[in-house]
Amino acid sequence: MRVVVDLNRCQGYAQCAFLAPDVFAMHGEEALLYDAQPDDIRRVDVLRAVAACPVRAITVEGAGGKWTADRVGVPHGA
Amino acid sequence: MALDGSLERLRREGHIVVVGASLAGLRAAETLRTEGFTGALTLIGDEPYGPYDRPPLSKQVLLGRVPPDHTDLPRHCAIDARWRLGVAASGLDLAAKRVALADGTSVEYDRLLIATGVRSRPWPNELEACLDGVFVLRTRDDAARLDHRLKAGPSRVLVIGAGFTGSEIASVCRERDLPVTVAERGATPLVGALGSVIGEVAARLQHQHGVDLRCGVMVTGLEGDSAGRLRRAHFSDGGTVEAEVAVVALGATRNTEWLAGSGLAAGPRGIACDAGCRAFDIRGIVADDVFVAGDVARSPHPLFGYQFLSLEHWGNAVAQAEVAAHNMISPGERRRPHLWTPYFWSAQFGVNIKSVGVPNMADHILISQGSLDEPRFTAAYGYQGRVIAAVSFDQAKWLEFYQRQIEQAAPFPLPFTTVDRRPEGMRPVPAGFPDPSVPTHGPEVTVSGHSPTDQRVTFTPA
Amino acid sequence: MTSVALLGQILDHANRADPYPLYAELRGTPVVRDESGPYLVSTYWEIRSLLHDPRVSSDVRNLAPEARTVPSTDDPELPPSFIRIDPPDHDRVRRLIMRTYGPPHTPRRVYDLRGEIGGIVSALIDGFQGRDRIDLVEDFSYPFPVTVICRLLGVPQEDEQRFHGWADTVATAIEPPVGTPEEQQAHWRAVREARRQLATYLSGLIDQRRRAPRDDMISALTMDRGADESPMSLPEMLSNLTLLLIAGHETTVNLITNGMLTLLRHPDALKQLREDPDLIFPLVEELLRFEPPVQLLPERTTLDDIEIAGTTIPKGASLWLVPASGNRDPQRFPEPDRFIPDRPDNQHFGFGSGIHNCIGSPLARLEAQTALTELVRRLDNPRLVEDPPPYRRNAVLRGPQHLSIAYDGLRR
């Protein structure tokens, strides 16, 4: 799996860190650190995180699920 | 779709070459494919790796939480490209539509996208730069080398330059419990990007986390031992510091040397292009077949007086790559301007710093929410009576409001009250940016006037 | 200036089963004053903008006195909970709660509940054995989140009988009272009394946990000394625990019930989910858009005049945002009235947005994902017995009172 978070979009809602704590971690109250190539055993956690992100900042490749190909078409913070 | 024959042919069977196989190059290639380009696509990159993400290098990678090779960028779609990795572009022949490569081969194109980005500005004294223990941080290999050395537990790390990258490196060192000295020529860390009012907050964070911060000094020399290992640095105030590792974080320099003599308006400030990402030649005329995107581009922005902006921003690379790719395969009337509002983030000392707009154009700043002391706050920057930028420390959820103020050219100071307004937020104060002619350690945004052929840049390092 | 007479209709129980046509009518004027006083905001971009606008306050003490639409039932002895205050106090209390509940301080509290959540769901469904019909609300949607929130906070499950009634009563105070002045007075007294009872109950519990801490949030809150700021006072703890206890089940019950109702109305989606369990993740997000458990955000106010969508909302006005309407705004969501389980770019308002976004959202997501996946997997040929079902009175926390589902059998 390959993951990237658009940290311009990210507003620190921390849903990913709640739902996939072995992949995403808050560093302080609002900054996010993550493993961009998590182990496959985290697949379901990553899918949860991708769907739960309120600003759709997480892109994943290789986690299965057609819906993850969702490309965001809304301008930043608009 | 009424396309003229040549554009239709280009979309169907043309050859598009992308020089630069990082974030902007990848996103451009994906956009070309999703918008229906079915011809041949070649991506050329000087590093031996496919596209990977750089921001984690100075954060989770250097913290040792994520291996350096765990930063590959996900693909949005299959791009079916020919990859020429590990070989740099070395020249461009506009008339022959040909890119020369460092291995002596060349590639012809119908349309070219230049996304060669930037590289770390090296320590200017080459002998000193070669000392064992002197590092820069830009690539995955840089991060791997530096991480390896930090693991060995050096007695002290010297960070030269307290821009965003330098400050992030210092933060990581403290988190790894390594003694660290930061030398910054300006009055405070981040002064070039955010001004001294915010820079003072950054300085306090460094002090609170045990960084030995030295502002207003230059590093005048790096001294090695007989085995060629770094052991000491000398400062302009006569002081010295013993350090086994020095990280040179003096900002970036644009990868445009390979375009020397090509006729494109390329120089140390980047490659000038129009808002549609078409490159200018040295006569100030746009080239039809050459496009530019990402850190290496300078393009005029209507929100900022149509001045040329160079933005070393992740989001800019993505947005500009998408616009450039779209325009490369679209007829004139369907082309789009690149109107992205600059957005930026940095994580250091456990604080999330985000900015929107162009802070370093500002003259004044107002702390509109929260307090510099905590430090959790949002501040608005003003330029000639309008809002031009905003910055937040751990208050990112408010920034989209300020983005709208910037986009609507709202008056500054903001003529209304807000939640969490403190006494310090009652009136604006000078933002404290250094004289633009004095170089700072890598402002991420460069505003460089109206001329597409502006070649002037002076940098007097440390 | 134009005004509408829609809030009364939205609050009218007769329109509870399908308020969406009223919202569509409301969106005709994105920001409009209702004849009953408040300004209603019903379109996506305007709601989003106001949820991130620092001129908007959640503190009713900033309302102009004449603008108040929901009478205070607050206990004068207790401070308002953190959803009804502004920064910096809001941020401080939220941080203190977060220290005991989520990242970065306690990142695994919710994640580690997955096993227990799955166990509770299985046990409740096992309890359907030998029947061919259930009331989803009574038999599942209510007991499930109550069990989870009790476990999380550290409230003994056996006390549920005691606080169930209080919690229901307090939850009604979120919207304007109905009935004759005498009935309203009686209602007001009942809410005050329920608040008092609940606070007394919780303070006993806090005292117990202080003396003998366990692995739960109440213990953690009582023990926490804060990082660099003052810990929560006892009154603050009482206000906020009351909120968490109520919000922890009064909303999730509706999310799950609305979820099954929606799936049973969309057999294709139900079939897709059965075939592709990964679909549950975007499906729950679509559910939060399509049938959000919190329909309206009543009684915010403005610290200054705000000009938006051609209307000036004056300082101190009562501001009602209608996220359930924003979620159906065709300017933001293509085909907004269609339930599309894998809808792309679904930035809904199911949990709000901005600094007051729902603190329980990760837990609610996990609960809804687990519950719906298992219900769909295990119920053989489930079908609605009546449609629409009867609805609860509350317009803000909207959901069925009962949901009768018939089925042919139970899978293992």
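Residues numbered from 1 in each chain as written. Chains lettered and ligands numbered in written order. Predicted model: local features only at pLDDT ≥ 70, side-chain atom pairs only at ≥ 80, totals over all residues.

Q: Before we go on, may I ask you to explain the nonpolar core in this structure?
A: The nonpolar side chains of a soluble globular protein tend to be buried with one another. Within the largest apolar cluster, 290 residues are counted, with the highest numbers of intra-cluster contacts made by B:Val247, B:Ile271 and B:Ala293. Not counting residues up to four positions away in its chain, the partners in contact with B:Val247 are B:Phe135, B:Leu137, B:Leu146, B:Val157, B:Val159, B:Ile160 and B:Ile169. (Core = buried A, V, L, I, M, F, W, Y, C linked by C-beta atoms within 7 Å. Buried ≥ 20, exposed ≤ 12 C-beta atoms within 10 Å, placed from the backbone. Contact = placed C-beta atoms within 7 Å.)

Q: In this structure, what is going on with the interface of chain A and chain B? I would like to understand it.
A: For interface size, the figure often reported is the accessible area lost on association. Contacts between chain A and chain B engage 23 residues on the former and 28 residues on the latter. For the side of chain A that touches chain B, the elements supplying multiple residues, two or more each, are strand S1 (2-5), strand S3 (31-34) and strand S4 (58-61) of chain A. Residue composition of the side of chain A that touches chain B, grouped by class: eight nonpolar, nine polar and six charged. (Helix = DSSP H or I, 4+ residues; strand = E, 2+ residues; numbered from the N terminus. Nonpolar A, V, L, I, M, F, W, Y, C, P; charged D, E, K, R; others polar.)

Q: Please clarify how the sheet that holds strand S11 (residues 180-184) of chain B should be interpreted in this entry.
A: Think of a sheet as strands paired side by side through backbone hydrogen bonds, with each pair either parallel or antiparallel. Residues and elements named next belong to chain B. Pairing is parallel in the open sheet, where five strands are placed in the order S9-S16-S10-S11-S12. At either margin of the open sheet sits one strand with a lone partner, and together these are strand S9 (134-135) and strand S12 (212-215). As judged from the four bridges shared by strand S10 (residues 157-160) and S11, these two strands associate in the parallel manner. Bridge pairing links Val 157 to Val 180 in S11. (Pairing = 2+ DSSP bridges.)

Q: So what exactly am I meant to see when it comes to the interface of chain C and chain A here?
A: Contacts between the two partners involve 22 residues from chain C and, on the opposite side, 27 residues from chain A. Within the residue set of the side of chain C that touches chain A, elements represented by two or more residues are helix H14 (280-290) and helix H16 (361-378) of chain C. Taken together, the residues of the side of chain C that touches chain A sort by class into ten nonpolar, five polar and seven charged.

Q: Got a minute to help me understand the confidence of the model for chain A in this structure?
A: Low-pLDDT portions of the prediction should not be read for the details of their coordinates. All names here are of chain A. With 87% of its residues at a pLDDT of at least 70, chain A reaches an overall mean of 88. At the low end of the mean pLDDT range in chain A sits S4, at 95; at the high end sits helix H1 (residues 15-19), at 98. Contacts for the low-pLDDT stretch residues 71-78, under 50 throughout, to residues beyond four places or in other chains number twelve contacts. (pLDDT = per-residue confidence, 0-100.)

Q: I would appreciate a short explanation of the sheet that holds strand S7 (residues 111-114) of chain B in the present structure.
A: Residue and element names in this part refer to chain B. Read from one edge of the open sheet, six strands run S3-S2-S1-S7-S21-S20, paired in mixed fashion. Unpaired on one side and paired on the other, strand S3 (82-85) and strand S20 (278-280) mark the two borders of the sheet. Taking each pair of neighbouring strands and ignoring which way they run, the sheet shows an average axis angle of 30 degrees. Two elements, strand S1 (residues 15-19) and strand S2 (residues 40-45), share five bridges in a ladder whose sense is parallel. Following the sheet pairing, Val 19 is matched in S2 by Ile 44. Seen against the sheet, helix H7 (residues 314-328) touches S1, S7 and strand S21 (286-292) and runs at an angle of roughly 140 degrees to S21. (Axes fitted to C-alpha atoms, helices over the stretch in contact; angles between N-to-C directions.)

Q: Looking at this structure, how should I read the pairing of strand S4 (residues 89-93) of chain B?
A: It is a general feature of regular strands that their side chains alternate between the two faces of the sheet. Residue and element names in this part refer to chain B. Here S4 pairs with strand S5 (residues 98-101) via four bridges, running antiparallel. Bridge pairing links Asp 93 to Arg 98 in S5. Connecting the antiparallel pair S4 and S5 is a turn made up of four residues, with Lys 97 showing a positive phi of about 50 degrees.

Q: Hey, could you run me through unusual backbone geometry in this one?
A: Most peptide bonds adopt trans geometry, and most residues besides glycine take a negative phi value. A cis amide bond links B:Glu374 to the next residue, B:Pro375, at an omega of -15 degrees. When you line up the elements, B:Pro375 lands in the loop between strand S26 (364-371) and strand S27 (376-383). Backbone torsion omega between C:Pro87 and C:Pro88 reads 5 degrees, so that peptide bond is classified as cis. Topologically, C:Pro88 is positioned in the loop between strand S4 (56-57) and helix H4 (89-101). With a phi close to 60 degrees, B:Asp420 is a non-glycine residue in the positive phi region. Here B:Asp420 lies in the loop between helix H8 (399-407) and strand S29 (429-430). Owing to 22 C-beta atoms within 10 Å, B:Asp420 belongs among the buried residues under this scheme. For C:Glu299, which is not glycine, the phi torsion reads 60 degrees and is therefore positive. Examined against the element boundaries, C:Glu299 turns out to sit in strand S6 (residues 297-302). Since 22 C-beta atoms lie within 10 Å of it, C:Glu299 is described here as buried.

Q: I tried to follow the pairing of strand S9 (residues 318-321) of chain C on my own but got confused; where do I start?
A: Residue and element names in this part refer to chain C. By the alternation rule, side chains of S9 split into Ser 318 and Trp 320 and Leu 319 and Leu 321, which are all buried. In terms of strand pairing, strand S3 (residues 39-41) meets S9 through three bridges, oriented parallel. Bridge pairing in S9 places Leu 40 opposite Trp 320. The pairing of S6 with S9 spans three bridges and is antiparallel. Within the sheet, the bridge partner assigned to Thr 301 lies in S9 and is Ser 318.

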